[in-house]
Amino acid sequence: MTEDVTKLAFVCVQNAGRSQMSTAFAERERERRGLEDEVEIVTGGTDPAEAVHDAVIETMADVGVDLSDRVPRAVSTAQLNECDVVATMGCSTLELDADVEVRDWALPDPDGEDPETVRDIRQQVANNVRELFEELFGPAE
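Predicted, not measured: the structure shown is a model, and the values here were computed from it. (Residues numbered from 1 in each chain as written. Predicted model: local features only at pLDDT ≥ 70, side-chain atom pairs only at ≥ 80, totals over all residues. Heavy atoms only, no water.)

**A closer look at the pattern of salt bridges**
The final tally for this structure, using the stated rule, is 8 salt bridges. Where glutamate 82 meets lysine 7, a salt bridge forms, and the shortest distance between an N and an O atom there is 3.2 Å. Here lysine 7 lies in strand β1 (residues 6-12) and glutamate 82 lies in the loop between α3 (77-81) and β3 (85-88), a separation of 75 residues in the sequence. Taking relative accessible area as the criterion, glutamate 82 reaches 48% and is therefore assigned partly exposed. Note that glutamate 29 and arginine 32 form a salt bridge whose closest N and O atoms lie 2.8 Å from each other. Of this pair, glutamate 29 and arginine 32 both sit in helix α1 (residues 18-32), 3 residues apart, which is roughly one turn of that helix. On the accessibility criterion, glutamate 29 (8% relative accessible area) is buried. (Salt bridge = Lys/Arg side-chain N within 4 Å of Asp/Glu carboxyl O. Helix = DSSP H or I, 4+ residues; strand = E, 2+ residues; numbered from the N terminus. Buried < 20%, exposed > 50% of the residue type's maximum accessible area, 1.4 Å probe, protein only.)

Right, dumping it as structure tokens:
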């Protein structure tokens with residue numbers, strides 16, 4: 001890893017909802033800003049689910065993001081300790097040793113919620129990701 005790379009992590013317990021949405025929006029924001037070489041994105045869960053929640057896949061498809069091929073995965077403390085910023089979704093008990101900025105976005109879990117609630121959560125996630133990029137890299141061109 002070079003010093004020029006900013007590592008962002010999006011983490012929740014199952015890695016099946018909010019962190020997957022956050023990762024997808026961050027990937028889109030990174031591409032839109034031309035930061036593919038400057039931003040590395042990590043995602044995972046402390047107790048990953050078997051699959052991304054169906055409601056999340058459907059709601060993200062509404063905004064042109066395909067999560068149907070994503071698989072929740074575990075993330076280690078060591079991986080997170082290498083990040084610059086770790087965004088948790090409101091369900092974390094992470095205790096990181098390194099000089100990592102942890103932000104808890106305190107988002108409700110979309111699992112089992114009605115489509116309107118999932119859309120609201122999706123909008124909160126999109127706003128949080130945009131604001132994080134603006135804070136770290138300035139306003140988008």
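There's plenty left to go through after this.
**Details of the environment of arginine 73**
If you trace the backbone, arginine 73 turns up in the loop between α2 (54-61) and α3. The exposure class assigned to arginine 73 is partly exposed, which follows from its relative accessible area of 44%. Not counting the four nearest positions on each side in its chain, arginine 73 is found in contact with Asn15, Thr43, Gly44, Gly45 and Pro48. (Contact = heavy atoms within 4.5 Å.)

**Brief notes about a negative patch on the surface**
A surface patch of like charges, here negative, comprises Asp109, Asp111, Glu113, Asp114, Glu116 and Asp120. Positionally, aspartate 120 belongs in helix α4 (residues 115-137). For aspartate 120, a relative accessible area of 46% corresponds to the partly exposed category. (Patch = residues over 30% accessible without salt bridge, like charges linked within 9 Å, V, L, I, M, F, W, Y side chains within 5 Å. Areas by Shrake-Rupley, 256 points an atom, 1.4 Å probe, with all protein chains shown as cover. Lys, Arg positive; Asp, Glu negative; His and termini not counted. Charge placed at Lys NZ, Arg CZ, Asp CG, Glu CD.)

**So, the nonpolar core**
Counting 27 residues, the largest nonpolar core has Phe10, Met60, Trp105 and Val129 as its most contacted members. Of all the elements in the fold, those that place two or more residues in this core are β1, α1, β2 (39-45), α2, β3 and α4. A per-element tally of this core places α4 first, with 6 residues. Once residues within four sequence positions are removed from consideration, tryptophan 105 is found in contact with Phe10, Ser22, Ala87, Thr88, Met89, Asn128, Val129 and Leu132. Within the second largest apolar cluster, 8 residues are counted, among which are Val11, Val42, Leu80 and Val86. (Core = buried A, V, L, I, M, F, W, Y, C linked by side-chain atoms within 4.5 Å.)

**A word on α2**
An α-helix turns once every 3.6 residues. As a result, residues three or four positions apart point the same way. By the burial criterion, the buried members of α2 are Val56, Ile57, Thr59 and Met60. At its buried positions, α2 is contacted by α1 and α4.

**Here's the deal with the packing of aromatic side chains**
Tallied over the entire structure, the rule returns 2 aromatic pairs. Measuring from centroid to centroid gives 5.9 Å for phenylalanine 10 and tryptophan 105, while their planes differ by 50°, and the two rings are tilted. Taken together, the residues span a long stretch of sequence, with phenylalanine 10 in strand β1 and tryptophan 105 in the loop between β4 (101-104) and α4 at a distance of 95 residues. The same class applies to phenylalanine 10 as to tryptophan 105, namely buried. With a centroid separation of 5.5 Å and 45° between ring planes, the pair formed by phenylalanine 133 and phenylalanine 137 is classed as tilted. In this pair, phenylalanine 133 and phenylalanine 137 are both assigned in helix α4, 4 residues apart and thus about one turn of the helix distant. Taking the relative accessible area as the measure of exposure, phenylalanine 133 reaches 0% and is therefore buried. With a relative accessible area of 27%, phenylalanine 137 lands in the partly exposed category. (Phe/Tyr/Trp six-rings, centres within 6.5 Å; stacked < 30°, edge-to-face > 60°.)

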